Amino acid sequence: MLIVRCPLIPRKFCVNLFGVVLAKDTSWIDAEIVNHEKIHLAQMRETLFVGFYILYVLEWLVRLLSTGDSFKAYRSISFEREAYGHSSDMDYLKKRCHFAQWRR
Ligand SMILES: [Zn+2]
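Quick summary incoming for the structure in this document.

Rules and cut-offs
- Residues numbered from 1 in each chain as written.
- Predicted model: local features only at pLDDT ≥ 70, side-chain atom pairs only at ≥ 80, totals over all residues.
- Heavy atoms only, no water.
- Helix = DSSP H or I, 4+ residues; strand = E, 2+ residues; numbered from the N terminus.
- Rg over C-alpha atoms; globule rule 2.2 N^0.38 Å.
- Buried < 20%, exposed > 50% of the residue type's maximum accessible area, 1.4 Å probe, protein only.
- Contact = heavy atoms within 4.5 Å.
- Phe/Tyr/Trp six-rings, centres within 6.5 Å; stacked < 30°, edge-to-face > 60°.
- Pairing = 2+ DSSP bridges.

## Observations regarding the overall build of the protein chain
Broken down by element type, the protein chain carries 5 helices and 3 strands. Written out in order from the N terminus, the α and β elements of the protein chain read β-β-β-α-α-α-α-α. The C-alpha radius of gyration of the protein chain comes to 14 Å, within 12% of the 13 Å expected for a compact globule of 104 residues. Taken along the three principal axes of its C-alpha coordinates, the protein chain extends 35 × 35 × 25 Å. Split into buried and exposed, the 104 residues of the protein chain put 37% on the buried side. Within the protein chain, residue pairs in contact and separated by at least 24 positions form 40% of the contacts whose partners lie at least 6 positions apart.

Have a look at this one:
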């Protein structure tokens, strides 16, 4: 996974664009964050990349309308629930089922 410094990204925030992680400062990016982004990369591959971004934004909008809270909406997106739920498990991607973001 490629991690690139980008001054346009807010501090303590990163954006995963097709497997390239952009961050203003990369010093805070640890193994757990890299694993989180690798989980997103697996999700992107399964949804043919463009599908990931379309579904991600649509789900965020639906959840924003239902919760009225942008952070709660973000954390409850299926892709994020899976990534946050397993980012500390460094072996997760070896045992992950396809489309795990939609399985319970
Ligand atoms: Zn994420």
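## Describing the packing of aromatic side chains
Per the counting criterion, the structure on display carries 10 aromatic pairs. Ring plane angle 45° and centroid distance 5.9 Å describe the contact between phenylalanine 71 and tyrosine 74, whose orientation is recorded as tilted. Separated by 3 residues within a single helix, phenylalanine 71 and tyrosine 74 lie in helix H3 (residues 70-75), roughly one turn from each other. Given a relative accessible area of 22%, tyrosine 74 falls into the partly exposed group. Here the aromatic rings of tyrosine 74 and tyrosine 84 are separated by 6.1 Å at their centres, their planes lie at 90°, and the arrangement is edge-to-face.

## Focus: the pairing of strand E3 (residues 20-23)
Sheet topology note: the strand E1 (residues 2-5)/E3 ladder contains 4 bridges and is parallel. Opposite valine 4, over in E3, you have leucine 22 as the bridge partner. The antiparallel pairing of strand E2 (residues 14-17) with E3 creates a hairpin that spans 2 residues between the two strands, and phenylalanine 18 there sits at a positive phi of about 55°.

Scope: geometric values only; no functional claims are made or implied.
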